[in-house]
Amino acid sequence: MEQKQKNVSPFSNESRNAYVVEHLTSSMLELLKEKPISEISVSELCGMAGVGRTSFYRNYEEKEDIIKAYVEHLFQDWVDRWKGTPDLPVKEVVRIVFSHFEANREFYTLLNERGLVYLLKDIILDLCGFNPEQEMPAAYSSAYVAFFLYGWIEVWFRRGMKDTAEELIAYLPQ
């Protein structure tokens, strides 16, 4: 009896997963250009991405997690700069953050138009090192910085993203 040759994917599990994440992300961004996230079904998203629903749920719990992961990916450059120099003055942190938003304006405009700016809050809290289990001074200090940044970011979005990083820095106390 002749054995049939198995059809084995040439991708490693890591490569396959990277493929799934990349295609789900690009499909989500395309669909968001057409409609709000609430009107995008997981089935529609997976169909457009060419992946199965199981692949979606292996990587994400909900559709918003795709956006959060993409934002974290975009943030990586300035996070590396920030964490590489933990004692940066507030003005430099604001410059780095808003320069990042300016450089990725198209994506953040879409995020704003679809009412998804709130997804940045938890990411910024994490980046600022907030952990509710911290000692009181550290917890409140990291929350202060995170909510300061998030508040400015939200106002910047609401004002139409017209103010530059340099203009914002000018309003910080000396």
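Each chain has its residues counted from 1, running along the sequence as written. Note on the predicted model: pLDDT of at least 70 is required for a residue's local features to be given, and 80 or more for side-chain atom pairs to be given and counted; whole-chain, interface and lining totals, by contrast, use all residues. Note that the side-chain values use all heavy atoms of the structure and ignore hydrogens as well as water.

**Comments concerning the overall build of the chain**
A run of DSSP states H or I qualifies as a helix once it reaches four residues; a run of E qualifies as a strand once it reaches two. Both are numbered from the N-terminal end. A count of helical and extended segments in the chain gives nine helices and zero strands. Its helices and strands taken in sequence order, the chain reads α-α-α-α-α-α-α-α-α from the N to the C terminus. With the radius of gyration taken over C-alpha atoms, the globule rule is written as 2.2 Å times the number of residues to the power 0.38. Radius of gyration (C-alpha) of the chain: 20 Å, far over the 16 Å computed for a compact globule of 174 residues. With the principal axes as the frame, the chain shows a C-alpha extent of 80 × 35 × 25 Å. The 174 residues of the chain split such that 38% are buried. For this analysis, residues touch if any pair of their heavy atoms sits within 4.5 Å. Taking as baseline every contact in the chain between residues at least 6 positions apart, the subset at least 24 positions apart corresponds to 64%. Reported accessibility uses the Shrake-Rupley method at a 1.4 Å probe radius. Residues are deemed covered only where the shown protein chains occlude them. Split by element, the accessible area of the chain, about 11000 Å² in all, is 51% carbon and sulfur. Taken together, the 19 basic and 27 acidic charged side chains of the chain have centroids lying 4 Å from each other. Burial classification: accessible surface area is computed with a 1.4 Å probe over protein chains only, and a residue below 20% of its type maximum counts as buried, one above 50% as exposed, and the rest as partly exposed. When charges are counted, Lys and Arg are positive and Asp and Glu negative, with His and the chain ends excluded. By convention, the charge on Lys lies at NZ, on Arg at CZ, on Asp at CG and on Glu at CD.

**Comments concerning the nonpolar core**
Side-chain atoms within 4.5 Å are what join buried Ala, Val, Leu, Ile, Met, Phe, Trp, Tyr and Cys residues into a set we call a nonpolar core. Among the nonpolar cores identified, the biggest contains 54 residues, and Leu24, Ile67, Phe75, Phe101, Tyr108 and Leu120 are the most heavily contacted of them. No other element matches helix H4 (residues 64-84), which puts eight residues into this core. Non-local contacts of leucine 120, meaning those with residues more than four positions away in its chain, are made with Val71, Phe75, Phe101, Tyr108, Leu111, Tyr150, Ile153 and Phe157.

**Here we look at unusual backbone geometry**
Even without being glycine, methionine 161 reaches a positive phi, approximately 55°. Along the polypeptide, methionine 161 turns up in the loop between helix H8 (136-158) and helix H9 (165-169).

**Considering the pattern of salt bridges**
For salt bridges, the criterion is a side-chain nitrogen of Lys or Arg within 4 Å of an Asp or Glu carboxyl oxygen. One pass over the full model with this rule turns up six salt bridges. Here glutamate 44 and lysine 35 are joined by a salt bridge, their closest N and O atoms 2.7 Å apart. Since its relative accessible area comes to 28%, glutamate 44 is described here as partly exposed. Its relative accessible area of 17% is what places lysine 35 among the buried residues. The closest approach of N and O atoms between aspartate 163 and arginine 159, which form a salt bridge, is 2.8 Å. A relative accessible area of 43% means that arginine 159 is categorised as partly exposed. Each member of the salt-bridge network shares a partner with another, and the members are Glu92, Arg95 and Glu166.

**Focus on the environment of glutamate 44**
Looking at where glutamate 44 falls in the secondary structure, it is placed in helix H2 (residues 42-49). Residues glutamate 44 and arginine 58, spaced 14 residues apart in sequence, show a C-alpha to C-alpha distance of 17 Å. If near-sequence neighbours (up to four positions away) are discounted, glutamate 44 is found in contact with Leu31, Lys35 and Glu39. Engagement of the side chain of glutamate 44 in a polar contact is seen with the side chain of lysine 35, the distance being 2.7 Å. Under the rule applied, a polar contact is a pair of N or O atoms within 3.5 Å (in protein, one hydrogen donor and one hydrogen acceptor; residues adjacent in sequence only if both atoms are side-chain atoms).

**Examining helix H7 (residues 119-127)**
Inspection of H7 places Leu119, Leu120, Ile123, Ile124, Leu125 and Leu127 among the buried residues, and these make up the whole buried set. Considering only its buried residues, H7 is in contact with H4, helix H5 (90-103), helix H6 (105-113) and H8.

**Brief notes about the confidence of the model for the chain**
As a general rule, the predicted coordinates of low-pLDDT regions are not to be interpreted in detail. Predictor confidence is given residue by residue as pLDDT, running from a minimum of 0 to a maximum of 100. Of all residues in the chain, 92% have pLDDT values of 70 or greater, and the mean over the chain is 87. Of the regions scoring below 50 in pLDDT, residues 1-8 engages in zero contacts with residues more than four places distant in sequence or in other chains.

**As for the packing of aromatic side chains**
Think of it this way: a Phe, Tyr or Trp ring, Trp meaning its six-membered ring, pairs with another when their centres are within 6.5 Å, and the plane angle makes it stacked under 30 degrees, edge-to-face over 60, tilted otherwise. Inspection of every chain in the model, using the stated rule, returns 13 aromatic pairs. Aromatic pair tyrosine 70 and phenylalanine 107: ring centres 4.9 Å apart, planes at 75°, arrangement edge-to-face. In this pair, tyrosine 70 is assigned in helix H4 and phenylalanine 107 in helix H6, connecting sequence segments 37 residues apart. Residue class for tyrosine 70 comes out partly exposed when judged on its relative accessible area of 22%. The buried category is assigned to phenylalanine 107, whose relative accessible area is 9%. When the centroid spacing of 5.5 Å and the interplanar angle of 65° are considered together, the rings of tryptophan 156 and phenylalanine 157 count as edge-to-face. Side by side, tryptophan 156 and phenylalanine 157 carry an identical accessibility label, which is buried.

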